[in-house]
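Next come the chains, spelled out residue by residue.
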Amino acid sequence: MTLSDLPEAAFLLGEGGELLACNALARHLLGLPGDASQTGAATALASLGGLAAAIERARAADNLPVRIGLEPLPGRLVELSIAAAGPPGTWIALAREGSGQQHVEQRLQRRLAFAQLVTSASASLIRAEPDQLDAAVNDTLGALGRFFGIDRAYVFLIDYEAQTQSNTHEWVAEGVSRESHNLQGLPLDVFPWLFSLLQRDEAMCLDRVADLPPDAVSERREFEREGIQSVLVVPMWHGQRLRGFVGFDAVRQAVTWDSDCLVALRLLAQMLAGVLEAHKLAQRLRALAFHDYLTGLPNRVLMEDRLEVALQRIQRKPRSLWLAMVDLDGFKQVNDTWGHAAGDEVLRVVARRLQSVLRQGDTVARLGGDEFVLIIEDEDEQSAHQIGSRLLAAFDAPVPVAGETVRIGLSIGLARAVAGRDRPGELMRRADAAMYRAKSAGKNGWAVDSPVS
């Protein structure tokens, strides 16, 4: 039996919803003459959208029939029942006319489903912790992409300081190429026609990439490279500033973007702009709460937390843990001679040099003024001599200040932690006492405080 023998409008679809064959009744249902070409029927069917998503639903339902509603002509509802066909990777869709009441119910159900999706996505984005935000954004892109049956959904963010734009988040349907790795650090003027649209708060809504105007040369070249047939992009604003844009791509077949897609993308752009700014502000506040504003190093609060964790770790697994208290020698002279702005720059240089001699996993923090503390933890049995020599060697070279140079020495107090005995406050007290002995002994050296046995 062939499709022509069936008493219903029938479509044979490929894995991505592309039309492989259809009968005359199906062409009539699409508003085409019975002898319309296969290409014309494929274009008309593709313009409805939603087929790829319906096939995914059918696959998830173990190939049981899935019913969807489509509107090939204004005011005309078509119900499709989709199920797996005989040949692997093919699907058969049987269509029939729907009633006006069914039409209304279908649209209401779809809009309800969309509202539920948006509510769920919004809650997921708002609840996401900083390290979960990227995954939450990609999940949201995927949920919308599957709902509308498109092939690629993505976010671009603008870095005004670097004057670049980057594809920061991306979801793609199965079998569709990922492109985000090719779209990093692009100059803002690389797509001038698109950027001009976005700055005017206009969407780029193209059912066919061939409809691009002649002056969209760069955009056409990129869309053709990615194999995009239809594209929808909307701007993403925060206040009066364009933060980036969000887009949908149809790759496997061209589609006609309807108002629902445009509304969905606009809502997504608004949600993402708000959430991304909120997370950015939270990160800034967190940095201020746990880092020194001048040097960017961890402050006392974060250092004490890391020291507590390190002390717990050496109880579980024996390893070396040293705490070094560092006070700068000659720093008062810098402030008295060149002023506090020069002193601030010296502190930043000191922070960088201390960081340069530590290894991954070590911590250097600024306690305040010209006092620093280092947490040095590893499985090697480092000696105080090794640590002290390494730190002093970092300051063999003079430090530039106000067009001149100055010698900065270090008075270092070292205390080695005893597993199960030392608490953060006790270890810091011992290291601090050792640092004062080093300073009293002539400065620019180190002293070691041993625990009482």
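I will try to describe carefully the structure that is included in this document. (Residues numbered from 1 in each chain as written. Predicted model: local features only at pLDDT ≥ 70, side-chain atom pairs only at ≥ 80, totals over all residues. Heavy atoms only, no water.)

In this section: the nonpolar core. Counting residues in hydrophobic clusters, the biggest one holds 40 residues, and the most contacted among them are Phe148, Met236, Val246, Phe248 and Leu272. Going through the elements one at a time, helix 4 (100–127), helix 5 (133–148), strand 6 (152–159), strand 7 (164–172), strand 10 (230–238), strand 11 (241–250) and helix 8 (259–290) are the ones with two or more residues in this core. Looking at this core element by element, the count peaks at 10 residues for helix 8. Leave out the neighbours within four places in its chain, and Val246 touches Leu141, Tyr154, Val155, Leu232, Val233, Val234, Met236, Leu265, Leu268, Ala269 and Leu272. Counting 34 residues, the second-largest nonpolar core is a separate cluster that includes Leu294, Phe372, Leu392 and Ala394. (Core = buried A, V, L, I, M, F, W, Y, C linked by side-chain atoms within 4.5 Å. Buried < 20%, exposed > 50% of the residue type's maximum accessible area, 1.4 Å probe, protein only. Helix = DSSP H or I, 4+ residues; strand = E, 2+ residues; numbered from the N terminus. Contact = heavy atoms within 4.5 Å.)

Moving on: the sheet that holds strand 8 (residues 186–187). The six strands lie next to each other as 8-7-6-11-10-9, forming an open sheet whose pairing is antiparallel. The open sheet has two free edges, formed respectively by strand 8 and strand 9 (204–206), since each of these has just one partner strand. Note: strand 7 against strand 8, two bridges, orientation antiparallel. Bridge pairing links Thr164 to Pro187 in strand 8. Taken strand by strand, helix 5 contacts strand 6, strand 7 and strand 11, and its axis lies near 60° from that of strand 7. The strands touched by helix 6 (residues 192–199) within the sheet are strand 6, strand 9, strand 10 and strand 11, with strand 10 carrying the most contacts at an inclination of about 50°. (Pairing = 2+ DSSP bridges. Axes fitted to C-alpha atoms, helices over the stretch in contact; angles between N-to-C directions.)

Following the criterion strictly, the structure yields five aromatic pairs and no others. Judged by centre distance (5.0 Å) and plane angle (80°), the ring pair of Phe147 and Phe148 falls under edge-to-face. By the burial criterion, Phe147 is buried, and Phe148 matches it. Consider the rings of Tyr154 and Phe156, whose centres lie 6.0 Å apart with planes at 80°: the pair is edge-to-face. (Phe/Tyr/Trp six-rings, centres within 6.5 Å; stacked < 30°, edge-to-face > 60°.)

A few words now on the pairing of strand 2 (residues 19–22). Sheet topology places strand 1 (residues 9–13) next to strand 2; three bridges connect them, and they run antiparallel. Bridge pairing links Leu13 to Leu19 in strand 2. Connecting the antiparallel pair strand 1 and strand 2 is a turn made up of five residues, with Gly17 showing a positive phi of about 90°.

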